[in-house]
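For reference, the chains in residue letters:
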Amino acid sequence: GARFDQHDLDDDTPYRQVSPRVGVNFRPTSTLSLRASAGRGFRVPSTAERTMSFKAGNFQVVPVEDLNPERSWSYEAGARKTLGPATFVDLAVFQNDYHDFVEPLVDLAQTGSRIVVSFQNVNDARIRGFELAGGTRLLDQRLHLDGGLTLLDSEDLQLERPLAYRPRWSIQLSPSVHLGPVSGRVD
């Protein structure tokens, strides 16, 4: 498939990009599914990222209106295995390569006790990792237990340091109860 994006805002430079994507899914057995995908991405910085401005104590966010859109390539490969009628496990590895990645950065050139943050374009960035997920259905499909574990390796490739605000490990647990037309879930 392919997607065409165009962004025009007042007197700004119009941005256009065609983003192709290809994916394959193969089922060698009735309980195993293998997948792979690759594609190009495009994201214009949000209005909040471009115009946010506020002060709170010694913390300040300043606007940067001339942000470039992010462009990326993403790759993923994974497998999903069904373990009986109500249980599955899923493993995926992924990598996203970004150009002009938008990242909130602390302005280290500021003096004094004020912490100044603005959204900036990072020349090149990479986020890669793996995800392990699974789930099971119990009590005649009334109780669902789902969860996942993600390991991220993110890097500002120009500064050769991790990207901020991205935990290396994250765990997600989502039990839910389904009683006829009523259900409840906790994440």
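Preceding block: the structure.
The structure reproduced in this document is the subject of the present report. These numbers were taken from a predicted model, which means no experiment stands behind them. (Residues numbered from 1 in each chain as written. Predicted model: local features only at pLDDT ≥ 70, side-chain atom pairs only at ≥ 80, totals over all residues. Heavy atoms only, no water.)

Examining the overall build of the chain
Check the secondary structure of the chain and you find one helix and 11 strands. The globule rule puts the C-alpha radius of gyration for 187 residues at 16 Å, and the 21 Å found for the chain is more than 25% above it. With respect to the principal axes defined by its C-alpha atoms, the chain has extents near 60 × 40 × 35 Å. Per-residue burial for the chain yields a buried fraction of 30% across its 187 residues. (Helix = DSSP H or I, 4+ residues; strand = E, 2+ residues; numbered from the N terminus. Rg over C-alpha atoms; globule rule 2.2 N^0.38 Å. Buried < 20%, exposed > 50% of the residue type's maximum accessible area, 1.4 Å probe, protein only.)

Topic: the layout of surface pockets
Roughly 210 Å³ of internal volume is contained in the largest pocket. Around the largest pocket, the lining is made up of 13 residues, and of these P104, L105, V106, L159 and R161 lie nearest the centre. It is strand 7 (residues 87-106) that contributes the most residues to the lining of the largest pocket, four residues altogether. For the lining of the largest pocket, the class distribution of residues is 10 nonpolar, no polar and three charged. (1 Å grid on protein atoms, 1.4 Å probe; cavity = no way out; pocket = protein on both sides within 12 Å on 5 of 7 lines; lining within 4 Å. Points joined across faces, edges and corners; volume = space filled by probe spheres on them. Nonpolar A, V, L, I, M, F, W, Y, C, P; charged D, E, K, R; others polar.)

Remarks on the nonpolar core
Most often, soluble globular proteins have nonpolar side chains that are buried together. By size, the foremost hydrophobic cluster in this structure holds eight residues: F94, Y98, F101, V122, A125, I127, L152 and L163. Counting only elements with at least two residues in this core, the list comes to strand 7 and strand 8 (115-138). Those residues in contact with Y98 that lie beyond four places of it in its chain are E70, R71, S72, N123, D124, A125 and I127. (Core = buried A, V, L, I, M, F, W, Y, C linked by side-chain atoms within 4.5 Å. Contact = heavy atoms within 4.5 Å.)

As for the pattern of salt bridges
Counted under the stated rule, the structure contains 11 salt bridges. The salt bridge involving E70 is made with R43; its shortest N-O contact spans 3.1 Å. Separated by 27 residues along the polypeptide, E70 in strand 6 (residues 70-82) and R43 in strand 3 (residues 32-43) bring together distant segments of the chain. By relative accessible area, E70 is classed as buried at 7%. Under the relative-accessibility criterion, R43 is labelled partly exposed at 31%. With a shortest N-O distance of 3.0 Å, R166 and E103 are connected by a salt bridge. Taken together, the residues R166 in the loop between strand 9 (143-156) and strand 10 (169-179) and E103 in strand 7 connect sequence positions 63 residues apart. Assessed through its relative accessible area of 27%, R166 is described here as partly exposed. (Salt bridge = Lys/Arg side-chain N within 4 Å of Asp/Glu carboxyl O.)

Things to note about the side chain of D90
Among the structural elements, D90 can be located in strand 7. A polar side-chain atom of D90 sits 2.8 Å from a polar atom in the side chain of R35. Each residue touching D90, except ones within four places of it in the same chain, is listed here: R35, A79, R80, E131, L132 and A133. (Polar contact = N/O pair within 3.5 Å; in protein donor to acceptor, adjacent residues only side chain to side chain.)

Thoughts on the packing of aromatic side chains
Evaluation of the coordinates by the stated rule reveals three aromatic pairs. Taking the ring centre of F88 as reference, the NZ or CZ of R80 above it sits at 3.8 Å. (Phe/Tyr/Trp six-rings, centres within 6.5 Å; stacked < 30°, edge-to-face > 60°. Lys NZ or Arg CZ within 6 Å of the ring centre and 35° of its normal.)

With respect to the pairing of strand 3
Relative to strand 3, strand 2 (residues 15-29) runs antiparallel, the two sharing seven bridges. The residue of strand 3 that forms the bridge with N25 is R35. Joining the antiparallel neighbours strand 2 and strand 3 is a turn of two residues. For strand 3 and strand 6, the ladder comprises 12 bridges, and the chain directions are antiparallel. (Pairing = 2+ DSSP bridges.)

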